[in-house]
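# Understanding the architecture of this molecule
What follows is each chain in one-letter form.
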Amino acid sequence: MQIKIQVIVLLFALFICPKAMVGQIPDLGAASTFALFTASGAFNGDPGTNVIGDIGTNAGAFTPPGIIIGQVHVADVVSIQAATDVAIAYGYLSSLTCGGVLSVTLGNAQQLTPNIYCTGAASTLNGSLVLDGQGDPNAVFIFQIDGAFSTTVNSTVTLINGANLCNVFW
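Worth saying up front: this structure is predicted, and the values here are computed from it rather than measured.

### Thoughts on the overall build of the protein chain
Each helix and strand counted, the protein chain has two helices and 17 strands in total. Across the 170 residues in the protein chain, those meeting the buried criterion constitute 29%. Across the protein chain, every contact between residues at least 6 apart in sequence was considered, and the portion connecting residues at least 24 apart equals 48%. With the model as given, the accessible surface of the protein chain reaches about 10000 Å², and the carbon-plus-sulfur share is 61%.

### What to know about the sheet that holds strand β7 (residues 72-74)
Sheets are built from strands that pair by backbone hydrogen bonding, the pairs being arranged parallel or antiparallel. The three strands lie next to each other as β1-β4-β7, forming an open sheet whose pairing is parallel. Of all the strands in the sheet, the pair left with one neighbour each is β1 (34-38) and β7. On average, each strand axis in the sheet is inclined to that of its neighbour by 10°, with strand direction left out of account. Bridge count for strand β4 (residues 54-57) against β7 is three bridges, and the pairing is parallel. In the strand pairing of β7, Gly-56 is matched with His-73. Sheet strands touched by helix α2 (residues 77-94): β1, β4 and β7. Its angle to β1, the strand with the most contacts, is close to 85°.

### Points about the pairing of β4
Taking every second residue as pointing to the same face, both faces of β4 are buried, with Asp-54 and Gly-56 on one and Ile-55 and Thr-57 on the other. Direction of pairing for β1 relative to β4: parallel, over a ladder of four bridges. Within the sheet, the bridge partner assigned to Leu-36 lies in β4 and is Ile-55.

### Remarks on the packing of aromatic side chains
Inspection of every chain in the model, using the stated rule, returns four aromatic pairs. Summarising the aromatic geometry, the rings of Phe-149 and Trp-170 are spaced 5.1 Å apart at their centres and angled 20° between planes, so their arrangement reads as stacked. Of this pair, Phe-149 sits in strand β15 (residues 149-151) while Trp-170 sits in the segment after β17 (168-169), and the two are 21 residues apart along the sequence. Overall, the relative accessible area of 34% leaves Phe-149 in the partly exposed class. On the accessibility criterion, Trp-170 (44% relative accessible area) is partly exposed.

### Quick word on the nonpolar core
One finds Leu-102, Leu-106, Leu-112, Tyr-117, Leu-125, Leu-129, Leu-131, Ala-139, Phe-141, Phe-143, Ala-163 and Val-168 forming the largest nonpolar core, which totals twelve residues. Dropping the residues within four chain positions of it, Phe-141 is found in contact with Leu-112, Thr-113, Pro-114, Asn-115, Leu-131, Asp-132, Gly-133, Ala-163, Asn-167, Val-168 and Phe-169. Membership of the second largest hydrophobic core comes to six residues, among which are Leu-96, Ile-116, Val-140 and Ile-142.

### Some thoughts on α2
For an α-helix, the turn length of 3.6 residues means that residues three or four places apart are oriented alike. Helix length check: α2, at 18 residues, gives a terminal C-alpha distance of 26 Å against a target of 26 Å (1.5 Å per residue), a fit within 8%. Along α2, the positions that sit buried rather than exposed are Ser-79, Ala-82, Ala-83, Asp-85, Ala-89 and Leu-93. Buried-residue contacts for α2 involve β1, β4, β7, β14 (141-145) and β17. Its side-chain oxygen at 3.2 Å from the backbone nitrogen of Val-78, Asp-76 defines the N-terminal cap of α2.

Rules used throughout
Residues numbered from 1 in each chain as written. Predicted model: local features only at pLDDT ≥ 70, side-chain atom pairs only at ≥ 80, totals over all residues. Heavy atoms only, no water. Helix = DSSP H or I, 4+ residues; strand = E, 2+ residues; numbered from the N terminus. Buried < 20%, exposed > 50% of the residue type's maximum accessible area, 1.4 Å probe, protein only. Contact = heavy atoms within 4.5 Å. Areas by Shrake-Rupley, 256 points an atom, 1.4 Å probe, with all protein chains shown as cover. Pairing = 2+ DSSP bridges. Axes fitted to C-alpha atoms, helices over the stretch in contact; angles between N-to-C directions. Phe/Tyr/Trp six-rings, centres within 6.5 Å; stacked < 30°, edge-to-face > 60°. Core = buried A, V, L, I, M, F, W, Y, C linked by side-chain atoms within 4.5 Å. Expected span 1.5 Å × (residues − 1). Polar contact = N/O pair within 3.5 Å; in protein donor to acceptor, adjacent residues only side chain to side chain.

Structure follows, in C-alpha coordinates:
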(Lines give C-alpha, C1' and ligand atoms only; values in the text may rest on other atoms or scores of the structure.)
Protein backbone atom coordinates (compact mmCIF):
# COMPACT_ATOMS: atom_id res chain seq x y z
CA MET A 1 0.00 0.00 0.00
CA GLN A 2 2.81 2.44 0.87
CA ILE A 3 4.45 1.86 -2.53
CA LYS A 4 1.14 2.71 -4.24
CA ILE A 5 1.00 6.01 -2.35
CA GLN A 6 4.59 6.83 -3.29
CA VAL A 7 3.87 6.08 -6.97
CA ILE A 8 0.75 8.28 -6.89
CA VAL A 9 2.68 11.15 -5.28
CA LEU A 10 5.47 10.80 -7.88
CA LEU A 11 2.99 10.77 -10.78
CA PHE A 12 1.23 13.82 -9.35
CA ALA A 13 4.54 15.68 -9.08
CA LEU A 14 5.58 14.80 -12.63
CA PHE A 15 2.33 15.28 -14.52
CA ILE A 16 -0.01 17.45 -12.51
CA CYS A 17 2.61 19.95 -11.30
CA PRO A 18 4.79 20.70 -14.34
CA LYS A 19 6.08 23.92 -12.78
CA ALA A 20 8.16 21.78 -10.45
CA MET A 21 10.13 20.69 -13.52
CA VAL A 22 10.96 24.29 -14.49
CA GLY A 23 13.61 24.55 -11.77
CA GLN A 24 16.50 23.10 -13.79
CA ILE A 25 18.62 25.39 -15.89
CA PRO A 26 20.97 24.14 -18.60
CA ASP A 27 24.75 24.43 -18.47
CA LEU A 28 25.61 27.15 -20.99
CA GLY A 29 29.35 26.39 -21.06
CA ALA A 30 31.28 28.96 -23.12
CA ALA A 31 28.05 30.84 -23.85
CA SER A 32 27.58 31.71 -20.16
CA THR A 33 29.45 35.03 -20.50
CA PHE A 34 27.25 36.23 -23.36
CA ALA A 35 24.43 38.67 -22.81
CA LEU A 36 23.44 38.31 -26.50
CA PHE A 37 24.47 35.56 -28.92
CA THR A 38 23.17 34.01 -32.09
CA ALA A 39 24.59 30.81 -33.53
CA SER A 40 23.01 31.55 -36.91
CA GLY A 41 21.27 34.51 -38.43
CA ALA A 42 21.79 38.23 -38.28
CA PHE A 43 22.54 40.24 -35.18
CA ASN A 44 21.22 43.78 -35.53
CA GLY A 45 21.96 46.12 -32.66
CA ASP A 46 20.46 49.57 -32.23
CA PRO A 47 22.71 52.58 -31.50
CA GLY A 48 20.52 53.42 -28.47
CA THR A 49 20.98 49.99 -26.86
CA ASN A 50 23.37 49.33 -23.98
CA VAL A 51 24.58 45.78 -23.33
CA ILE A 52 26.52 44.53 -20.32
CA GLY A 53 28.18 41.21 -21.15
CA ASP A 54 29.73 39.61 -24.20
CA ILE A 55 27.90 39.68 -27.51
CA GLY A 56 28.44 37.89 -30.77
CA THR A 57 27.49 35.57 -33.55
CA ASN A 58 28.95 32.46 -35.09
CA ALA A 59 27.42 33.18 -38.49
CA GLY A 60 25.43 35.93 -40.13
CA ALA A 61 25.57 39.69 -40.40
CA PHE A 62 26.64 41.61 -37.32
CA THR A 63 25.70 45.19 -36.41
CA PRO A 64 26.72 46.01 -32.83
CA PRO A 65 24.54 47.98 -30.42
CA GLY A 66 25.51 51.44 -29.13
CA ILE A 67 27.42 50.68 -25.93
CA ILE A 68 28.97 47.30 -25.10
CA ILE A 69 30.55 46.55 -21.74
CA GLY A 70 32.09 43.20 -22.62
CA GLN A 71 33.77 41.42 -25.50
CA VAL A 72 32.57 41.08 -29.10
CA HIS A 73 33.03 37.66 -30.75
CA VAL A 74 32.22 37.23 -34.44
CA ALA A 75 33.05 33.86 -36.04
CA ASP A 76 36.06 33.26 -33.77
CA VAL A 77 37.16 30.36 -31.54
CA VAL A 78 35.01 31.59 -28.63
CA SER A 79 31.89 31.95 -30.79
CA ILE A 80 32.40 28.47 -32.30
CA GLN A 81 32.44 26.88 -28.82
CA ALA A 82 29.56 29.09 -27.67
CA ALA A 83 27.51 27.94 -30.69
CA THR A 84 28.09 24.30 -29.75
CA ASP A 85 27.10 24.94 -26.13
CA VAL A 86 24.05 26.97 -27.18
CA ALA A 87 22.90 24.09 -29.42
CA ILE A 88 23.02 21.70 -26.46
CA ALA A 89 21.14 24.13 -24.18
CA TYR A 90 18.62 24.88 -26.94
CA GLY A 91 17.91 21.18 -27.40
CA TYR A 92 17.12 20.86 -23.72
CA LEU A 93 15.05 24.06 -23.45
CA SER A 94 13.01 23.37 -26.60
CA SER A 95 12.11 19.90 -25.33
CA LEU A 96 10.31 21.35 -22.31
CA THR A 97 6.51 21.47 -22.28
CA CYS A 98 4.89 24.87 -22.59
CA GLY A 99 3.26 26.03 -19.35
CA GLY A 100 1.66 29.22 -20.68
CA VAL A 101 0.88 30.60 -24.13
CA LEU A 102 1.57 34.31 -24.71
CA SER A 103 0.58 36.64 -27.52
CA VAL A 104 3.36 37.59 -29.94
CA THR A 105 3.57 41.07 -28.38
CA LEU A 106 5.22 40.90 -24.97
CA GLY A 107 5.42 43.81 -22.58
CA ASN A 108 3.03 46.74 -22.22
CA ALA A 109 3.41 46.54 -18.40
CA GLN A 110 2.93 42.74 -18.47
CA GLN A 111 4.00 40.87 -15.33
CA LEU A 112 4.91 37.17 -15.45
CA THR A 113 5.76 34.57 -12.81
CA PRO A 114 8.19 31.63 -13.28
CA ASN A 115 7.07 29.32 -16.07
CA ILE A 116 7.79 28.03 -19.55
CA TYR A 117 6.13 30.48 -21.94
CA CYS A 118 5.48 29.94 -25.66
CA THR A 119 4.48 32.12 -28.58
CA GLY A 120 3.23 30.78 -31.89
CA ALA A 121 5.24 33.07 -34.17
CA ALA A 122 7.92 35.76 -34.32
CA SER A 123 7.51 38.09 -31.34
CA THR A 124 8.22 41.63 -30.18
CA LEU A 125 8.92 43.14 -26.78
CA ASN A 126 7.12 46.48 -26.55
CA GLY A 127 7.40 48.59 -23.40
CA SER A 128 7.97 47.04 -20.00
CA LEU A 129 7.96 43.35 -19.10
CA VAL A 130 8.25 42.46 -15.40
CA LEU A 131 9.48 39.03 -14.33
CA ASP A 132 8.38 38.31 -10.74
CA GLY A 133 10.46 35.64 -9.00
CA GLN A 134 7.92 35.47 -6.14
CA GLY A 135 10.71 35.46 -3.56
CA ASP A 136 12.49 32.46 -5.10
CA PRO A 137 16.06 33.22 -6.25
CA ASN A 138 15.99 29.92 -8.19
CA ALA A 139 12.87 30.88 -10.17
CA VAL A 140 13.25 30.07 -13.89
CA PHE A 141 11.66 31.89 -16.83
CA ILE A 142 11.83 30.19 -20.24
CA PHE A 143 10.49 31.83 -23.40
CA GLN A 144 10.04 29.54 -26.43
CA ILE A 145 9.52 31.94 -29.34
CA ASP A 146 8.59 30.40 -32.68
CA GLY A 147 10.50 32.85 -34.90
CA ALA A 148 12.56 36.02 -34.66
CA PHE A 149 12.48 38.15 -31.52
CA SER A 150 12.79 41.93 -31.63
CA THR A 151 12.40 44.82 -29.22
CA THR A 152 11.02 48.31 -29.69
CA VAL A 153 12.80 51.48 -28.57
CA ASN A 154 12.88 51.92 -24.77
CA SER A 155 11.64 48.38 -24.04
CA THR A 156 12.69 46.99 -20.66
CA VAL A 157 12.71 43.72 -18.77
CA THR A 158 12.63 44.25 -15.01
CA LEU A 159 13.37 41.48 -12.52
CA ILE A 160 11.65 41.70 -9.12
CA ASN A 161 11.16 39.65 -5.95
CA GLY A 162 14.29 37.53 -6.30
CA ALA A 163 14.16 36.90 -10.06
CA ASN A 164 17.69 36.23 -11.31
CA LEU A 165 18.97 37.24 -14.75
CA CYS A 166 20.94 33.98 -14.96
CA ASN A 167 17.64 32.05 -14.84
CA VAL A 168 15.94 33.78 -17.79
CA PHE A 169 16.13 32.01 -21.17
CA TRP A 170 14.84 33.32 -24.50
